[in-house]
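Observations on chain architecture
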Amino acid sequence: PGDCFELVPTHNCEVDIGIVQEAHATREHALGARSTHVDLGMALLKIESDGQYTLVGHRRRVMDSQVSLEASLDAHQKYVVVPLSFTLCNTQAQVGVAPRQYSFMAFSNHKVAVTKRPTDYLLLGQATALGCMAGARKRAIAPGCTVYTSKMSLQEEAGLTVVAENASSAFVEVQVDMSD
């Protein structure tokens, strides 16, 4: 579903990270019209020594040309910036029908190694869930339920994100009606 960016700072540092959508080359930009932006958000995750991720920063998905965030990074730790754009996920790149592209930028007061690498749906899902869990209220799915389940929902300008968490060892099925 696209690329992400791995960051490794040489010293403890402050970093300003931004992602900018490029206008579509054969639609609005070529015609001189206003751009029709697709959803764009961002999650900054720290890669822990056990391979798990910790959320460092999150920007909700918006229908705008850019998102940015500021964060403090620890020396020699690995971080990954995951662009969050569900519109771009299922768009296949074809000649003349290429999906919307974006540019990544990072500014820091110390050297930070940046490596572009492909992302996968698991990482995209983890980044989305961690961002939702950090910015949403947690509610029990079924009051009085003996299984420890909860849901979080995050209303963003570019859509609604719903995350269900099962903190038990029991199997739980969750259905969401999005018709209203």
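Description of the structure in this document. Numbering of residues starts from 1 in every chain and runs along the sequence as written. The model is predicted, so local features are restricted to residues of pLDDT at least 70 and side-chain atom pairs to those at 80 or more, both for listing and for counting; the totals for chains, interfaces and linings are taken over all residues. Side-chain figures throughout are based on the complete set of non-hydrogen atoms in the structure, without hydrogens or water.

Let's shift gears to the overall build of the chain. Secondary structure follows DSSP: runs of H or I at least 4 residues long count as helices, runs of E at least 2 residues long count as strands, and numbering of each begins at the N terminus. Within the chain one finds 3 helices and 11 strands. Each helix and strand of the chain, placed in order from N terminus to C terminus, yields the pattern β-β-α-β-β-β-β-α-β-β-α-β-β-β. Exposure is judged per residue with a 1.4 Å probe applied to protein chains only, and the accessible area is read against the type maximum: over 50% gives exposed, under 20% gives buried, and values in between give partly exposed. When burial is assessed residue by residue, the chain has 33% of its 180 residues classed as buried. In this analysis, two residues are considered to be in contact whenever any of their non-hydrogen atoms come within 4.5 Å of each other. Of all intrachain contacts in the chain linking residues separated by at least 6 positions in sequence, the fraction that spans at least 24 positions is 69%. With an accessible surface of roughly 10800 Å², the chain has 51% of that area assigned to carbon and sulfur atoms. Note on areas: Shrake-Rupley, 1.4 Å probe, and residue coverage restricted to the protein chains presented here.

For the rest of this paragraph, the subject is a nonpolar patch on the surface. Every patch collects residues that have over 30% relative accessible area and no salt bridge, joining them within 9 Å if they carry like charges and within 5 Å if they are nonpolar side chains (Val, Leu, Ile, Met, Phe, Trp, Tyr). Here a salt bridge means any side-chain nitrogen of Lys or Arg lying within 4 Å of a carboxyl oxygen belonging to Asp or Glu. Residues Ile141, Leu160, Val162, Val174, Val176 and Met178 make up a contiguous nonpolar surface patch of about 470 Å² in total accessible area. Tracing the chain through its elements places isoleucine 141 in the loop between β9 (138-140) and β10 (149-156).

Our next topic: the pattern of salt bridges. This model, assessed by the stated rule, comprises 6 salt bridges. Across the pair lysine 46 and aspartate 74 runs a salt bridge whose closest N-O atoms are separated by 3.4 Å. Taken together, the residues span a long stretch of sequence, with lysine 46 in strand β3 (residues 40-47) and aspartate 74 in the loop between β5 (66-73) and β6 (78-84) at a distance of 28 residues. One network of salt bridges, in which partners are shared, links Glu6, Lys78 and Arg117.

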